[in-house]
Amino acid sequence: MATSLRSRLCGSVRASDAGTKVRLGGWVHRTRDLGGIVFVDLRDRAGIVQVSFDPRWTPPEVLRRAGAVGVESVVLVEGEIAARPPESRNADLATGDVEVRATGLQLSGPSVTPAIPVARGKGEQLPAEELRLRHRYLDLRRPELHANLEMRHRLMQTTRRHLSDRGFLEIETPILTKPTPEGARDYIVPSRMHAGEFYALPQSPQLYKQLLMIAGYDRYFQIARCFRDEDLRADRQPEFTQIDIEAAFVGREDIMSVAEGLIGELFAESGAAAPAHFRRMSYADAMERYGTDRPDLRFGLELFDASDAFRETEFGIARSALGSGGRVRGLRLPGAAGFSRKQADELEEIAKSAGAGGLIRLRRTADSVEGPAAKFLGAEAVARLALADGDLALFVAGPDRVSSPALDRVRHEAARRLALVREGAREFLWVLDFPLFEQDAETGRLNATHHPFTSPHPDDLRHLESDPARVRAVAYDVVLNGMELGGGSIRIHDPAVQERVFRLLGIDEAAARLRFGFLLEGLRSGAPPHGGIAFGFDRIAMLLAGASSLRDVIAFPKTTAARALFEGAPSTVPAEDLDDLHIRVAGTAHD
């Protein structure tokens, strides 16, 4: 790291360097004036070192300048590394056994008073995130964010090395692409050269990587920038990075093996561990037992079907649900019979926020079962529920599309309140055999569960037109502690099968030719069996950095409103620029 202005990084000096003359450059982290002796904590990307300005070795003019330098100013320092006296060593710093005894100081970049502090005392809270994002150039100076972005860099290089060593080629695909069928989520880019025509920013490189397999490149990967215009959360950004992988002449097991190896190496790079092989569970099993296709296996609390226990009762809510083809499903919460009415009401509000009408509650205490539904349940029905002393049972009556998400959310909150989550545990899981289609509850229309290029399971292909809801996809998601890390599938490589799937999705021949003509032409030109997977790189970096938000592992993130506060994007565009792009903005004077 030596340059003409510095000989090494601030955070690199150690006790073994005592007696070495150095030139350092960095930002003033803190200053302390002890009446004639000035201490400056000097910071760069490698860390912080103490610089002492003392009349015994510092010229008077240099000492004067040191006393006047402002926090976050950039300075160049010359001096000699020396061991600190034992009583003044700082165990909290990697450089804490030494200091630099300054003989020279040059103010290179003076700083105004920072809008937000970079240095924080113990227990001092960060400023509000919105303020930090507005002044991101200052927020990025924090050592925590330096560490996060350095880890991100290492994870990126590990990905490249791991996949390159296994014969994968890194190939870039276009950023200006064709709008997709899910165009409402596309970021649209107008063409100046072609009036009234538009590009889209890619939601993924899906079709390009399939074309690369058709073209014979065999193994592809890309650390791909992707864009999606959708509602945001802490683990979502409108522009994001994914590790995109595709290979030819492969089956599901081949892709899953590649994925497990890559995840293992990424976790090892961060000092964590991942098993060589992950547990497996079918989609149907996950939904039945946990109410979600990304279950958190760090605790139990599996859902169970209580329909038989309620079937012969006169309890109206249950009878109504069962009579309309729904079920009564529930959770047993061990030791939660002592929850207060307020605590149980809070769990019910969580269920309601997920779409349930409410929760049916039963408490088992000693030899009795209490709750509004208890008087409708006979001894045989109670026995079927298998409640132990101290259990609180919570039920949702209705179709699975209502009970599953409601009980999933209640399960997570109950586990948190009962302290059942094994902290530090990592439970990896493959979820397999997703349905190929989802049916819209209102219109009955079929939608692709993942995307329309996912291969139907060979055993189910005969049911494609006669019973599409029965058809499984050769798809697979990898889940860690209830969070999806990535997903993929074996693709359709037979153009006739692809056209059948398009028809079931309501995409007729003309629409298929318009939207996906280039893919169909490619498939007809000799396509090998192929498949792949994509991992959310930002999400993996967030997990391995121990961060709570994607914004802590992205240099310049957007807010949850998809705004870049530091630069003021998005923003309006002058009318004359819109004219060049052949665009009018509705509802304006220019319209």
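Quantities reported herein were computed from a predicted structural model and do not represent experimental measurements.

Reading guide: rules and limits
- Residues numbered from 1 in each chain as written.
- Predicted model: local features only at pLDDT ≥ 70, side-chain atom pairs only at ≥ 80, totals over all residues.
- Heavy atoms only, no water.
- Helix = DSSP H or I, 4+ residues; strand = E, 2+ residues; numbered from the N terminus.
- Contact = heavy atoms within 4.5 Å.
- Areas by Shrake-Rupley, 256 points an atom, 1.4 Å probe, with all protein chains shown as cover.
- Expected span 1.5 Å × (residues − 1).
- Buried < 20%, exposed > 50% of the residue type's maximum accessible area, 1.4 Å probe, protein only.
- Polar contact = N/O pair within 3.5 Å; in protein donor to acceptor, adjacent residues only side chain to side chain.
- Salt bridge = Lys/Arg side-chain N within 4 Å of Asp/Glu carboxyl O.
- Phe/Tyr/Trp six-rings, centres within 6.5 Å; stacked < 30°, edge-to-face > 60°.
- Pairing = 2+ DSSP bridges.
- Axes fitted to C-alpha atoms, helices over the stretch in contact; angles between N-to-C directions.
- Parallel < 35°, antiparallel > 145°, perpendicular 65-115°, else oblique.
- Left-handed = near helix turned anticlockwise from the far one by under 90°.
- Nonpolar A, V, L, I, M, F, W, Y, C, P; charged D, E, K, R; others polar.
- Core = buried A, V, L, I, M, F, W, Y, C linked by side-chain atoms within 4.5 Å.
- Arc of directions from axis to C-beta.

Moving on: the overall build of the chain. When helices and strands are tallied, the chain shows 16 helices and 22 strands. The dimensions of the chain, computed from C-alpha atoms along their principal axes, are 95 × 70 × 60 Å. Considering only intrachain contacts with a sequence separation of at least 6, the fraction spanning at least 24 residues in the chain is 67%. Counting only carbon and sulfur atoms, one obtains 51% of the accessible surface of the chain, whose full area is about 28600 Å².

Time to look at helix α4 (residues 143-165). With 23 residues, α4 should cover 33 Å at 1.5 Å per step; its first-to-last C-alpha distance of 33 Å lies within 8% of that length. Listing the buried residues of α4 in full gives Leu145, Asn148, Met151, Arg152, Leu155, Met156, Thr158, Thr159, His162 and Leu163. Considering only its buried residues, α4 is in contact with α3 (136-139), β9 (219-227), β10 (239-248), α6 (252-269) and α15 (537-545). Backbone geometry just after α4 places glycine 167 at a positive phi near 85°.

Next up on the list: the environment of arginine 289. Within the secondary structure layout, arginine 289 lies in helix α7 (residues 283-290). A sequence separation of 42 residues divides arginine 289 from leucine 331, and the C-alpha atoms of the two residues are 9.9 Å apart. For arginine 289, the contacting residues outside a window of four places in its chain are Met281, Glu302 and Leu303. Side-chain polar atoms of arginine 289 contact the side chain of tyrosine 290, separated by 3.3 Å.

Another aspect to go through is unusual backbone geometry. The omega torsion across alanine 569 and proline 570 is 0°, close enough to zero to call that bond cis. With respect to the helices and strands, the residue proline 570 is situated in the loop between α15 and α16 (575-580). With a phi close to 55°, alanine 386 is a non-glycine residue in the positive phi region. Following the sequence through the fold, alanine 386 ends up in the loop between α11 (379-385) and β16 (392-398).

Looking now at the pattern of salt bridges. Opposite charge on two side chains allows them to pair when their charged atoms are near. What the rule picks out here adds up to 54 salt bridges. When the shortest N-O distance is used, the salt bridge between aspartate 460 and arginine 472 registers 2.8 Å. Of this pair, aspartate 460 sits in the loop between β19 (446-448) and β20 (475-480) while arginine 472 sits in the loop between β19 and β20, placing them 12 residues apart in sequence. Taking the relative accessible area as the measure of exposure, aspartate 460 reaches 7% and is therefore buried. Residue arginine 472 is classed as partly exposed on the basis of its relative accessible area of 28%. One salt-bridge network, held together by shared partners, links Arg120, Arg132, Arg136, Asp139, Arg142 and Glu144.

Turning next to the packing of aromatic side chains. For the structure on display, the rule yields 13 aromatic pairs. Aromatic pair phenylalanine 304 and phenylalanine 395: ring centres 5.8 Å apart, planes at 75°, arrangement edge-to-face. Residue phenylalanine 304 is found in strand β12 (residues 304-305), and its partner phenylalanine 395 is found in strand β16; the two are separated by 91 residues along the sequence. Just as phenylalanine 304 is buried, phenylalanine 395 falls in that class too. Taken together, the ring pairs connect Phe267, Phe278, Phe428, Trp430 and Tyr476 into an aromatic cluster.

Let us look at the sheet that holds strand β15 (residues 368-370). On the basis of which strands lie adjacent, the open sheet formed by 5 strands has the order β12-β13-β16-β14-β15 and antiparallel pairing. Since the sheet does not close on itself, it has two edges, and those belong to β12 and β15, each with one partner. Sheet topology places strand β14 (residues 360-365) next to β16; 4 bridges connect them, and they run antiparallel. Its bridge partner lying in β16, arginine 361 is registered against leucine 394. Contacting β13 (327-333) and β16, helix α12 (residues 400-417) crosses the sheet at an angle of about 5° to β13.

Remark: α4 packs on α15, axes separated minimally by 10 Å, with the N-to-C direction vectors making an angle of 125°. With respect to α15, the axis of α4 lies oblique. Regarding α4 and α15, the two cross each other, and that crossing is right-handed. Taken together, the residues of α15 that come into contact with α4 (itself represented by Asn148, Met151, Arg152, Leu155 and Met156) are Phe537, Asp538, Ala541, Leu544 and Ala545. Split into classes, the residues belonging to the contact of α4 with α15 amount to 7 nonpolar, 1 polar and 2 charged.

Within the largest apolar cluster, 41 residues are counted, with the highest numbers of intra-cluster contacts made by Trp430 and Phe535. Top contributing element to this core by residue count: α6, with 8 residues. Every residue in contact with phenylalanine 535, bar those within four places of it in the chain, is listed here: Thr241, Gln242, Ile243, Ala259, Leu262, Ile263, Val478, Leu485, Gly486 and Ile540. Core analysis: the next-biggest nonpolar cluster, separate from the first, contains 31 residues, Tyr283, Leu446, Ala475 and Val479 among them.

With that settled, consider the packing of helix α10 (residues 341-353) against α12. For any two helices packed against each other, the geometry comes down to the angle between their axes and how far apart the axes lie. Put simply, α10 and α12 touch, their axes get as near as 8 Å, and they point 145° apart. The handedness of the crossing between α10 and α12 is right-handed. Here Gln343, Glu346, Leu347, Ile350, Ala351 and Ser353 of α10 lie close against α12, whose contacting residues are Ala406, Arg409, Val410, Glu413, Ala414 and Arg417. Its residues placed into classes, the contact of α10 with α12 shows 6 nonpolar, 2 polar and 4 charged.

Let's shift gears to the side chain of arginine 551. Counting through the fold element by element, arginine 551 comes out in the loop between α15 and α16. Here glutamate 129 takes part through its side chain, which lies 2.8 Å from a polar atom of the side chain of arginine 551.

Our next topic: the side chain of threonine 159. Of note, threonine 159 is situated in helix α4. The buried category is assigned to threonine 159, whose relative accessible area is 0%. Ignoring sequence-local partners within four residues, the contact set of threonine 159 consists of Ile223, Ile243, Leu262 and Leu266.

All right, on to helix α1 (residues 60-68) then. Listing the buried residues of α1 in full gives Val62, Leu63 and Ala66. In an axial view of α1, the angular spread of the buried residues amounts to 100°, which keeps them on one side of the axis. What points out from α1, more than 90 degrees from its buried face, is the exposed set Pro60 and Ala68. Structurally, α1 contributes buried residues whose contacts are with β2 (38-44), β3 (47-53) and β5 (98-109).

The next point concerns the sheet that holds strand β4 (residues 74-83). Read around the closed barrel, the 5 strands follow the order β1-β2-β3-β5-β4; overall the barrel is mixed. Neighbour-to-neighbour, the strand axes of this sheet turn through a mean angle of 55°, independent of strand direction. Summarising the sheet, β2 and β3 pair through 7 bridges and their orientation is antiparallel. In the sheet register, aspartate 44 faces β3, and the bridge partner there is glycine 47. Contacts from α1 reach β2, β3 and β5, with the element oriented near 75° to β5.

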